[in-house]
Amino acid sequence: MAEDLHHQLSDFESSIDSLLPNMDAVAEFRCPAAPVDWTHADRAVAKSLSENPAPFTLPPASGARGVVFRTGSTWKNGRRLIALSVFFGYLACVTGIGSADEFWEYSPYRVLVMMVVKNSPGMQMQTASALRSYLEDRCAVTAGPVWQVTLSEEQPSAAWLGDRPPDLVGESFPPAWSVYDKILFLHVDLEWNGARITAREFDVATRQFGSRIHRTTRQPSHVPRVVFRTFCEAFLPLAQFRIDQEDEDLVHLSFKGQELKAAADDFRLFEPGGVLIPIFRRNDREGRPRPDGIQQVPWTYLAMNPKVEGKSLQARIFSATKRPFGLRRRGRIEQYAITARLTSEATELHLVSQVDPTQPVAGCSILERAASEPAPDTQAAEGKDPKNAYQLLGVSDRDGMFRLDRSKDPIRTVWIKSGQLLLAKLPVVPGLQPVMEVPLPEDEARLRAEGKLTALRNNLIDLVTRRSILIVRIRTRLDAGDIDGAKRLFEQLDDLPRRLEFHRDIEQQEQLAKSNDPQTQRRIDGLFTRTKAVLGSFLDPRELTRLQDDINAASRKQ
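Below: a short report on this structure. (Residues numbered from 1 in each chain as written. Predicted model: local features only at pLDDT ≥ 70, side-chain atom pairs only at ≥ 80, totals over all residues. Heavy atoms only, no water.)

### What about the overall build of the chain?
Check the secondary structure of the chain and you find 12 helices and 24 strands. Taken over 558 residues, the chain has a buried fraction of 43%. Counted over contacts in the chain with a minimum sequence separation of 6, partners at least 24 positions apart contribute 69%. Carbon and sulfur atoms make up 50% of the accessible area of the chain, which totals about 30600 Å². (Helix = DSSP H or I, 4+ residues; strand = E, 2+ residues; numbered from the N terminus. Buried < 20%, exposed > 50% of the residue type's maximum accessible area, 1.4 Å probe, protein only. Contact = heavy atoms within 4.5 Å. Areas by Shrake-Rupley, 256 points an atom, 1.4 Å probe, with all protein chains shown as cover.)

Below, the structure written as structure tokens:
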């Protein structure tokens, strides 16, 4: 088998020489499972490829999407390595040996950089050229083969760096970007005493814009270094993940390019203990994302273990739901996790109504599990009061806002309660975004109904107390033979409200307590049902009837 492969490889290498004597070292394989990208080219070759983008395409093998060679400058070095890559990649497409996932960790990031330099006094073009050259060189000497950086002459759109970048999915996605993994936008505002730099990345696989990174420097000589540092902070490594077979709360991560050796020893593609955001991508038969096929798993994060054991990268799932990834996933679905970059010291939780997002929810209690206490579910299972597991962080203001600061744990799980009702249990990453909108069930109608019923219950308690006292006094008078005194007290007892009157008041309040939220309406209905049940155990009219009969019998004996 090995000898046959050796002969086939030699024949394949000779065929490449005869077909493309001046080819450059780039080949792209697209197999049915997912694209497998092979790229072995230094910066000079990459530059020549960008200048000579004309492709030469071989007929695709059965089941393969095609093999594309891009022509360029003379191929002098690395011919054997490229032939090996092309051969075994093509063999994998033809025979099904291997899969895209096997090469994911060895695939570099293809990064397109779009940079604009403004406000340079009289030397804008020269400064821009110098910054581009510096950025290109620093990427090469720092990341080495992990990044393959191409600097574009095109300037980034202001919308891509704005507060709300456009949704680049479907027809709005620029087709020229499909050959890259990352599109990184840089805006450098030069001043006489320094610069302001803004950076943001766009991840091609997940069609996600990253957070804007802002940096400033007051030293003109430091501008290139700050630009490169901002570039690095905006870059968000991408991983694939799979759920552990034994622990459904654990996932295994595989970062793109993690097995490639960086040029600088201090270069880190990812940091243990970081947070990632899971994203599902559903593709069509051509490998393109379907309309609405890219979805970020709501209220779900992956927390990497702070310690890496060997090559095993694991992360714990934090989610508002028990099964955020579902039980079964059909179709061509890719599971990605993109690194979460914390850009501030806190996140403002904006509590709003699910029914009307313009309506803030004020007065909600924000709680967190005390670090020294077991989880609430554990305490309840042990027969303890689960309230001891919570500590109150604060209450949302009249605008529905609450500030949640960063802590030693990047992910904080908070409980949001309205009165005694738990509205939501959410994982939050403080600092990931300045403001996070939290839609909550509309609870104002329930609170009004609860207030009315509380007043009715208090009146009921007062009435039951007064009634019980009068009944005892009437019995005492009867035992003492004071029939007239007992009759006068019975008249006072008979003037007190009856059960029918309370029942009528409850039904009147029930007709007024309506909500547009079905879940809230069910809670309101439950409140009235329980109140009616309590009413049935008090104000029994038969007790008054028996007391009246005892008074009449005592009168006849007299």
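Still more to cover.
### Notes on the layout of surface pockets
Unfilled space is identified by rolling a water-sized probe across the atoms. Looking at the largest pocket, its volume works out to about 1600 Å³. Lining the largest pocket we find 49 residues, and of these Phe209, Gly210, Ser211, Gln296 and Gln433 sit closest to its centre. For the lining of the largest pocket, the elements supplying multiple residues, two or more each, are strand S8 (194–203), strand S9 (208–209), strand S10 (213–217), strand S13 (275–283), strand S14 (289–296), strand S15 (300–304), strand S17 (332–339) and strand S24 (435–440). Element by element, the count of residues in the lining of the largest pocket is highest for S14, at 6 residues. Per-class residue counts for the lining of the largest pocket are 24 nonpolar, 13 polar and 12 charged. (1 Å grid on protein atoms, 1.4 Å probe; cavity = no way out; pocket = protein on both sides within 12 Å on 5 of 7 lines; lining within 4 Å. Points joined across faces, edges and corners; volume = space filled by probe spheres on them. Nonpolar A, V, L, I, M, F, W, Y, C, P; charged D, E, K, R; others polar.)

### Remarks on unusual backbone geometry
Even without being glycine, aspartate 292 reaches a positive phi, approximately 60 degrees. Examined against the element boundaries, aspartate 292 turns out to sit in strand S14. A relative accessible area of 68% means that aspartate 292 is categorised as exposed. The phi dihedral of tryptophan 299 falls on the positive side, at around 50 degrees, and the residue is not glycine. By the element assignment, tryptophan 299 lies in the loop between S14 and S15. Judged by its relative accessible area of 22%, tryptophan 299 falls in the partly exposed class.

### Let's talk about the state of the cysteines
With the rule as written, the count across this model stands at 0 disulfides. Of all cysteine sulfurs, the one in cysteine 232 lies closest to cysteine 139, which takes part in no disulfide; the gap is 6.5 Å. (Disulfide = S-S within 2.5 Å.)

### Notes on helix H6 (residues 223–234)
Taking 1.5 Å of rise per residue, the 12 residues of H6 would be expected to cover 16 Å, and the 16 Å separating its terminal C-alpha atoms lies within 8% of that figure. Along H6, the positions that sit buried rather than exposed are Val223, Val226, Val227, Phe228, Thr230, Phe231 and Ala234. (Expected span 1.5 Å × (residues − 1).)

### Observations concerning the nonpolar core
The biggest cluster of nonpolar side chains holds 81 residues, and the ones touching the most others in it are Trp147, Leu186, Val188, Leu253 and Leu302. Among the elements that take part in this core, H6 stands out by supplying 6 residues, more than any other. The contact partners of valine 188, leaving out residues within four places of it in the chain, are Met115, Val116, Val117, Lys118, Leu131, Ala195, Arg196, Ile197, Val223 and Val227. Ranked by size, the runner-up nonpolar core spans 29 residues in total, among them Ile474, Ile483, Ile551 and Ala554. (Core = buried A, V, L, I, M, F, W, Y, C linked by side-chain atoms within 4.5 Å.)

### Description of the sheet that holds strand S18 (residues 346–353)
Strand order in this open sheet of 3 strands is S21-S18-S24, and the pairing throughout is mixed. Of all the strands in the sheet, the pair left with one neighbour each is strand S21 (401–405) and S24. The mean inter-strand angle of the sheet, taken between neighbouring strand axes irrespective of direction, is 30 degrees. Alignment of S18 against S21, held across 5 bridges, turns out to be antiparallel. (Pairing = 2+ DSSP bridges. Axes fitted to C-alpha atoms, helices over the stretch in contact; angles between N-to-C directions.)

### Side note on the pairing of strand S5 (residues 109–118)
By the criterion of burial, S5 is predominantly enclosed, with 9 of the 10 residues buried. Sheet analysis places S5 next to strand S6 (residues 147–152), joined by 6 bridges and oriented parallel. Within S6, the residue paired with valine 111 across the bridge is valine 149. As defined by bridge partners, S5 adjoins strand S7 (residues 182–191) across 8 bridges and the pair is classed as parallel. What sits directly across from valine 113, in S7, is leucine 184.

### Here we look at helix H9 (residues 483–494)
Here H9 spans 16 Å end to end across 12 residues, near enough to the 16 Å set by a 1.5 Å rise per residue. Here H9 has its buried residues at Ile483, Gly485, Ala486, Leu489, Phe490 and Leu493. Buried residues of H9, viewed axially, fall in a sector of 155 degrees; they line one side. Those residues of H9 that are exposed and aimed more than 90 degrees away from the buried face are Asp484, Arg488 and Glu491. (Arc of directions from axis to C-beta.)

### Topic: the environment of cysteine 364
Inspection of the secondary structure puts cysteine 364 in the loop between S18 and strand S19 (365–369). Given a relative accessible area of 1%, cysteine 364 falls into the buried group. For cysteine 364 and glycine 419, which are 55 residues apart along the polypeptide, the C-alpha to C-alpha distance reads 7.3 Å. In contact with cysteine 364, not counting residues within four places along its chain, are Leu351, Gly394, Val395, Ser396, Ile416, Lys417, Ser418, Leu423 and Leu440.

### What about the sheet that holds strand S23 (residues 421–428)?
Pairing within the open sheet is antiparallel, and its 4 strands lie in the order S20-S19-S22-S23. Strands with a single pairing partner mark the edges of an open sheet, and in this sheet they are strand S20 (390–395) and S23. Put simply, the sheet's adjacent strands are angled 30 degrees from each other on average, direction ignored. Bridge count for S19 against strand S22 (residues 412–418) is 4 bridges, and the pairing is antiparallel. Each bridged residue has a counterpart across the sheet, and for glutamate 368 the counterpart in S22 is valine 414.

### Digging into the environment of leucine 470
Mapped onto the elements of the fold, leucine 470 is located in helix H8 (residues 444–480). Residues leucine 470 and phenylalanine 490, spaced 20 residues apart in sequence, show a C-alpha to C-alpha distance of 7.6 Å. Leaving out residues up to four positions away in the same chain, leucine 470 has contacts with Leu489, Gln492, Leu493 and Leu496.

### A look at the pattern of salt bridges
Scanning the model with the defined rule gives 17 salt bridges in all. A single salt-bridge network, built from bridges that share partners, covers Arg110, Asp181 and Lys256. (Salt bridge = Lys/Arg side-chain N within 4 Å of Asp/Glu carboxyl O.)

### Topic: the packing of aromatic side chains
For any pair of aromatic rings, the description rests on two quantities: the centre-to-centre distance and the angle between the ring planes. This structure, assessed with the given rule, holds 19 aromatic pairs. Look at tryptophan 160 and tryptophan 177: their rings are 5.0 Å apart centre to centre, the planes differ by 70 degrees, and that puts the pair in the edge-to-face class. One end of the pair, tryptophan 160, is in the loop between S6 and S7; the other, tryptophan 177, is in the loop between S6 and S7, with 17 residues separating them in the sequence. Overall, tryptophan 160 belongs to the buried group, its relative accessible area being 12%. On the basis of relative accessibility, which here comes to 4%, the residue tryptophan 177 falls in the buried class. Pairwise contacts between aromatic rings join Tyr109, Trp147, Phe228, Phe231, Phe235 and Phe267 into one cluster. Over the ring of phenylalanine 235 we find lysine 182; its NZ or CZ atom is 5.5 Å from the centre of that ring. One Lys or Arg, arginine 207, reaches over the ring of phenylalanine 173 and ends 3.7 Å from the middle of that ring. (Phe/Tyr/Trp six-rings, centres within 6.5 Å; stacked < 30°, edge-to-face > 60°. Lys NZ or Arg CZ within 6 Å of the ring centre and 35° of its normal.)

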